[in-house]
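Structure assessment
In case you want the letters, here they are:
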Amino acid sequence: MTLVLEPNPTHDHPPVVLRANNVCLDYPVETGAFRRKAGFVRVLDSIDLVLRRGETLALLGESGSGKSTLGRILVGLLSPTSGVVEFHDRSLTDFGRRERRAYHRKVQMVFQDMADSLDPRMTIRDIVAEGPSAHRLVPRGDLNRLVRRYLDLVGIPGSALGKYPHEFSGGQRQRIGIARALIMQPEVVVADEPISALDVSIQAQILTLFEDLRKELNLTYIFITHNLAAARYIADRIAVLYQGGLVEVGEAKRLIAAPSHPFTQSLLSAAPGAKIRLSQTAPNVDADSRTEIGCRYRTRCGYAEAICAQVTPENRSIADNHFVACHRANDVATAWKIHQDTVLMHEGRRS
Amino acid sequence: MQTTASFEQETVLECCNLRTYIHTRRGLVRAVDGVDLKLKAGRALGLVGESGSGKSLTAFSIMGLIDEPVRIEEGSVIRLEGRDIGNLSRKQLAGLRGSRIAMVFQEPMTALNPVHTVGWQVGEPLILHLGMTKAQAKKRAIELLDLVGIKDAARRADDYPHQLSGGMRQRVMIAIALACDPAVLLADEPTTALDVTVQSQILTILAELRKRLRVAILLITHDLGVVEETCDDVAVMYAGRIVERGPVPEVLQRPRHPYTRALLASMPTLDTEATLRPIPGSVPDARSWPKGCRFASRCEFVTGRCLDEYPPTFAGDAGAEVACWLYDEAQPRSQGGLQR
């Protein structure tokens, strides 16, 4: 049985562009000099997710949670061990050569560190023109004009064409990376931590650029980040990953206002400037607690009960478009509400 | 804020007109260009700025961790516990580093030595500076690891850095830095490479240790949220100079300098609906700072005077200071100014 986490189908929603159905990914664990396979690590576990046209979905999680890996699977850079990724309701595995090519054009990726992902020996013109020229999007003679148009769109002057990546600042390189993705005229852009390597003031420039481009070009985004405030700002929906599993999916504003998984709450209360402070779980959080049965988060969880070790919690709906994988989601949500009220009360008393 | 004992207010670190220039073949880079800092015992000062603002180089200059072509210029003064350390020999400096003043770096994996156990690395300064025997150092190292919240410290002391997670490694770095009970701890973006949950644990530990050991902390960060959480005072750096300083609540809630204001307005928050207002443009080239205010080209309140003359520091109320012509009381203030 798969529970597909998608907005309530009775409403009139835009069509699904990308869908992950029960996607799992295992990495083999190799030991010894001969790389004998000693087992495997489950990097992603039963991921069900849909992406609708025009929406921005943020994938939120700690390092090692699998958020980047999931992004790579969705753009087709990695294949899942089991499960399917569908693009416009057709499984990627059914695609022929042509369709696969079209898919790779229509789903583009923007990376975190453009210093690493732009070839230092290529000029900006060649970097941005590489995709459309390989896909023969326009006649050769029109390429320069196309490149200029997209550089202009992201705010890079035309004089940059003959320059090399090292001549640009981090923010400008990120813009070039965005132009390289957008020139393919994609439907979906998967952006993997596109602002985390940038300075605060530049982060805001790039965030608003993403926002403007989405409206202008009618794009659909997957925004991979560990920054809660950025996720809340840019995303319509947020999906929270913990050690390879989805623990909470919901509308961005609601999920931040009423987090209902203990991990989401812990993330929120750890964010600098957070009003609600929960004591951060035992210092020994570093032990990997990936288990076959039971909740992955239980070793860090303040709400853990016997059942959490025995039964793996399924994602279930606690409100419209709000899904939580926690046996005690309701108690957890209530506890947060009480914290919130207490904070509000104290604030009221002070002023 | 405690004002009980008088020595708590004692200044342990002071920089006057600190200028650190980089003498490159392509010109003189005036990266740190006249920084004044005062750090009191047991207090935490946040030094905030974007990359290239000179905040890290300020810390490296204080530690004496610079080499050609980077030079501390004539006339710069760095005083540690009343003693001028700007002109000390390498040997004299080495005697102070790790004992009276210590530093924690951003990337603990590159700062730790991969071929020694963490217990050995925590014990090393104890042997070098305090003359402990190996056995004494080992014992104390385990206590220190325990102090920074490493569970089962006796066993962990025999681990190598690669066996520890990022958060654990940063704890080890803190243990090394605090081993000899220094007067000043410089922390250069200590949590930037860490996850938020781990970041909050590390910040809590720093805050606890500051109280317990009365060490003064200079926390260098680009994250105003981190400053809000951990520091008493904050200094905002832009283009090699400090543009605003004061008590944390004062500066963060009533920012005066247009740069500080813009910085706060460009950060998304968890609970407001305000749209983001990015700061237009970028930082000018450090090889040729403009004649006047260095933020002028990006400032929405810019006047002719800003372009001609670098503003002096004006004292505001509640202990805040700001280097901006808008606060020159001698001049009639233009209307439609900063009061929002």
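Residues numbered from 1 in each chain as written. Chains lettered and ligands numbered in written order. Predicted model: local features only at pLDDT ≥ 70, side-chain atom pairs only at ≥ 80, totals over all residues. Heavy atoms only, no water.

Moving on, we come to the overall build of chain B. Along the backbone of chain B there are 12 helices and 13 strands. For a compact globule of 340 residues, the expected C-alpha radius of gyration is about 20 Å, and chain B comes in at 21 Å, within 12% of that figure. Dimensions of chain B along its principal axes, counting C-alpha atoms only, are 70 × 50 × 45 Å. With 340 residues in all, chain B has 51% of them scored as buried. Put simply, 64% of the contacts in chain B that link residues at least 6 apart link residues at least 24 apart. Only carbon and sulfur atoms are counted for the fraction: they give 51% of the accessible area of chain B, which is about 15,600 Å². Charge separation in chain B, taken as the distance between the mean sites of 41 positive and 41 negative side-chain charges, equals 3 Å. (Helix = DSSP H or I, 4+ residues; strand = E, 2+ residues; numbered from the N terminus. Rg over C-alpha atoms; globule rule 2.2 N^0.38 Å. Buried < 20%, exposed > 50% of the residue type's maximum accessible area, 1.4 Å probe, protein only. Contact = heavy atoms within 4.5 Å. Areas by Shrake-Rupley, 256 points an atom, 1.4 Å probe, with all protein chains shown as cover. Lys, Arg positive; Asp, Glu negative; His and termini not counted. Charge placed at Lys NZ, Arg CZ, Asp CG, Glu CD.)

Turning next to the packing of helix α4 (residues 124-134) of chain A against helix α6 (residues 170-182) of chain A. Residue and element names in this part refer to chain A. Taken N-terminus to C-terminus, the directions of α4 and α6 make an angle of 30°; their axes are 7 Å apart at the nearest point. In terms of orientation, α4 lies roughly parallel with respect to α6. Residues I124, I127 and V128 of α4 pack against I176, A179 and R180 of α6. (Axes fitted to C-alpha atoms, helices over the stretch in contact; angles between N-to-C directions. Parallel < 35°, antiparallel > 145°, perpendicular 65-115°, else oblique.)

Turning next to the pairing of strand β8 (residues 220-225) of chain A. Residues and elements named next belong to chain A. Burial of β8 is extensive: six of the six residues sit out of reach of the surface. In β8, alternate side chains face the same way, and those of T220, I222 and I224 on one face and Y221, F223 and T225 on the other are all buried. Looking at chain direction, strand β3 (residues 56-60) and β8 are connected through five bridges and run parallel. Counterpart to A58 in the pairing with β8 is F223. By the bridge criterion, five bridges tie strand β7 (residues 188-192) to β8 in an arrangement that is parallel. (Pairing = 2+ DSSP bridges.)

Counted under the stated rule, the structure contains zero disulfides over all chains. No disulfide involves A:C326; its nearest neighbouring cysteine sulfur is the one of A:C301, lying 6.1 Å away. Of all cysteine sulfurs in the structure, the one in B:C306 sits closest to B:C324, which takes part in no disulfide; the separation is 6.2 Å. The exposure class of B:C324 is buried, given its relative accessible area of 7%. (Disulfide = S-S within 2.5 Å.)

With that out of the way, let us pick up the UniProt feature "domain: ABC transporter" (unreviewed entry) in chain A. Listed under "domain: ABC transporter" (unreviewed entry) in the UniProt record, and renumbered for this structure, are residues 18-268 of chain A. Along residues 18-268 of chain A, the helical share is 38% and the strand share 29%, with 28 Å between the first and last C-alpha atoms. (UniProt positions renumbered as here; feature names shortened; annotations may be inferred.)

This part is about α6(A). Given 3.6 residues to a turn, an α-helix orients residues that are three or four positions apart in the same direction. Residue and element names in this part refer to chain A. In this model α6 runs 18 Å from its N-terminal to its C-terminal C-alpha over 13 residues, within 8% of the 18 Å that 1.5 Å per residue would give. Burial analysis of α6 places 10 of its 13 residues in the buried class, the great majority of the element. Every buried residue belonging to α6 is among G171, R173, Q174, R175, I176, G177, I178, A179, A181 and L182, and all of these are buried. The secondary structure elements touched by the buried residues of α6 are β6 (107-110), α3 (114-117), α4, α5 (143-153), β7 and α7 (200-217). (Expected span 1.5 Å × (residues − 1).)

Moving on: a nonpolar patch on the surface. A grouping of A:Y27, A:V29 and A:V41 is seen on the molecular surface, where their side chains present a nonpolar patch of about 210 Å² in accessible area. Tracing the chain through its elements places A:Y27 in strand β1 (residues 16-31). (Patch = residues over 30% accessible without salt bridge, like charges linked within 9 Å, V, L, I, M, F, W, Y side chains within 5 Å. Salt bridge = Lys/Arg side-chain N within 4 Å of Asp/Glu carboxyl O.)

What follows concerns the pattern of salt bridges. Residues and elements named next belong to chain A. Tallied over the full model, the rule gives 37 salt bridges over all chains. With a closest N to O distance of 3.7 Å, E193 and K67 form a salt bridge. One end of the pair, E193, is in the loop between β7 and α7; the other, K67, is in helix α1 (residues 67-74), and 126 residues separate them in sequence. Residue K67 is classed as buried on the basis of its relative accessible area, which comes to 6%.

Bringing the packing of α4(A) against α5(A) into the picture now. All names here are of chain A. Across the interface, α4 lies against α5 with an axial gap of 10 Å and an inter-helix angle of 110°. Judged by the angle between their axes, α4 and α5 are roughly perpendicular. For the element pair α4 and α5, the recorded crossing hand is right-handed. Residues I124, R125, V128, A129, P132 and S133 of α4 lie in contact with α5, whose contacting residues are L143, N144, L146, V147 and L151. For the contact of α4 with α5, the residue count by class is eight nonpolar, two polar and one charged. (Left-handed = near helix turned anticlockwise from the far one by under 90°. Nonpolar A, V, L, I, M, F, W, Y, C, P; charged D, E, K, R; others polar.)

Here we take up the nonpolar core. When a protein is soluble and globular, its nonpolar side chains tend to lie buried together. In this structure, B:L37, B:I62, B:L145, B:V184, B:L185 and B:L186 are the most contacted members of the largest nonpolar core, which totals 104 residues. For this core, the leading source of residues is helix α7 (residues 166-178) of chain B, giving seven residues. Every residue in contact with B:L145, bar those within four places of it in the chain, is listed here: B:V118, B:V122, B:I150, B:A153, B:A157, B:V172 and B:A175. With 66 residues, the next largest nonpolar core counts A:V189, A:I195, A:L255 and A:A271 among its residues. (Core = buried A, V, L, I, M, F, W, Y, C linked by side-chain atoms within 4.5 Å.)

With 36 residues of chain B at the interface, the matching set in chain A holds 33 residues. Of the roughly 2,900 Å² buried at the junction of chain B and chain A (both faces included), carbon and sulfur atoms supply 56%. One can count zero salt bridges joining chain B with chain A. At the boundary of chain B and chain A, one finds eight residue pairs in polar contact (both at pLDDT 80 or more). Looking at the side of chain B that touches chain A, the elements with two or more residues in it are α7, α8 (196-213) and α9 (224-230) of chain B. Among the elements that line the side of chain B that touches chain A, the one with the most residues is α8(B), at five residues. (Buried area = accessible area lost by both parts, 1.4 Å probe. Polar contact = N/O pair within 3.5 Å; in protein donor to acceptor, adjacent residues only side chain to side chain.)

In this section: the sheet that holds strand β9 (residues 216-221) of chain B. All names here are of chain B. With mixed pairing, eight strands are arranged side by side in an open sheet as β7-β8-β9-β3-β10-β11-β13-β12. The open sheet has two edge strands with one neighbour each: β7 (101-104) and β12 (314-315). Relative to strand β8 (residues 184-188), β7 is paired through four bridges, and the arrangement is parallel. For V104, the partnering residue across the bridge sits in β8 and is A187. Where α7 meets the sheet, its contacts fall on β7 and β8, and the angle it forms with β7 comes to roughly 175°.

Right, let's get into the packing of aromatic side chains. Tallied over the entire structure, the rule returns 12 aromatic pairs over all chains. Ring centres of B:Y238 and B:F295 lie 5.2 Å apart, and the angle between their planes is 85°; this geometry places the pair in the edge-to-face category. Taken as a pair, B:Y238 in strand β10 (residues 233-238) and B:F295 in the loop between α11 (258-265) and α12 (304-308) lie far apart in primary sequence, 57 residues in all. One aromatic cluster is present, built from ring pairs that chain together A:F87, A:F95 and A:Y103. When the ring centre of B:Y310 is taken as reference, the NZ or CZ atom of B:R241 above it lies at 4.2 Å. A cation over a ring is seen here: B:R305 above B:W325, with NZ or CZ 3.7 Å from the ring centre. (Phe/Tyr/Trp six-rings, centres within 6.5 Å; stacked < 30°, edge-to-face > 60°. Lys NZ or Arg CZ within 6 Å of the ring centre and 35° of its normal.)

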